Every structure is written in structure tokens, then in C-alpha cells.
Amino acid sequence: MKKSILLGAAVGAALVFGCATQAQQGPMVDIGNRHGNLRQAQENIVQAWHLVSEAQEMNDSRLGGHAANAKRLLEQANDELRLAADVANENERH
């Protein structure tokens, strides 16, 4: 029983750490040159996300949660661009 609890706690901690690490990394460019405009938009999103992170650090995260919200929206926009590229790829195959 104790081993199960300890194992569960260890796995839970690893998941939390993994999610926190992923969240700190932010969006990434994962669209190839095939879709140049979408890739460039992704590059701009990544740059904006890092600039917002720097602003948070410089202001000791006292931005009323708005910077964090902006970063979440940038991540969402990045995901949507990836989906747009995927749809474009699918449409080219048919």
C-alpha cells in the first residue's frame, strides 16, 4: 500500500513538473517552409511570447494577469496556425 502511494506521488510529481516545464517553453515553430506565411506568423508569435515573458520578469509578474492571458492566447494562436497548415497539407493531397 505504501509503495503504491509513493509510486503514485512520484508519477504525479513528474507529470506536474513536465507540464510546468512545457508551459514555460511556450509556443514553438513547427510549420515548415512549405507554408511560408504561416511559418513566419508562427515565428512572430514565438518572438512575442518571449517578449511578454521578459516583460513579466522585468515587472516581477505584476501585470494584473494580463501578460499571462496574452501568452495563453499566443499559444492558442500558434496551435491554430499549426492546424491551418495541417488542413492545407490535407487539401493538397486530394
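Before any of the text, the structure's been laid out above.
Residues numbered from 1 in each chain as written. Predicted model: local features only at pLDDT ≥ 70, side-chain atom pairs only at ≥ 80, totals over all residues. Heavy atoms only, no water.

A.B. asks: Please provide a residue-by-residue account of the overall build of the protein chain, values included.
C.D. replies: Per the secondary structure count, the protein chain includes three helices and zero strands. Counting helices and strands in the order they occur from the N terminus, the protein chain gives α-α-α. Counting across all 94 residues of the protein chain, residues that qualify as buried make up 19%. Looking at the protein chain alone, contacts between residues at least 24 apart form 55% of all its contacts between residues at least 6 apart. Counting only carbon and sulfur atoms, one obtains 59% of the accessible surface of the protein chain, whose full area is about 7100 Å². (Helix = DSSP H or I, 4+ residues; strand = E, 2+ residues; numbered from the N terminus. Buried < 20%, exposed > 50% of the residue type's maximum accessible area, 1.4 Å probe, protein only. Contact = heavy atoms within 4.5 Å. Areas by Shrake-Rupley, 256 points an atom, 1.4 Å probe, with all protein chains shown as cover.)

A.B. asks: Explain helix H2 (residues 36-58) to me, and be specific about the residues and the numbers.
C.D. replies: For H2, spanning 23 residues, the distance from its first C-alpha to its last is 33 Å, which sits close to the expected 33 Å at 1.5 Å a residue. Burial in H2 covers these residues: Gln-42, Ile-45, Val-46, Trp-49, Val-52, Ser-53 and Gln-56. Downstream of H2 by one or two residues, Asp-60 has phi in the positive range, about 50°. (Expected span 1.5 Å × (residues − 1).)

A.B. asks: Could you give an account of unusual backbone geometry, naming the residues involved and the relevant values?
C.D. replies: Here Asp-60, not a glycine, exhibits a phi torsion of approximately 50°, which is positive. Position of Asp-60 relative to the elements: it lies in the loop between H2 and helix H3 (66-93). Of note, Ser-61 is a non-glycine position whose phi angle comes to about 60°, a positive value. Tracing the chain through its elements places Ser-61 in the loop between H2 and H3. Assessed through its relative accessible area of 55%, Ser-61 is described here as exposed.

Function cannot be inferred from these measures alone, as they are strictly geometric.
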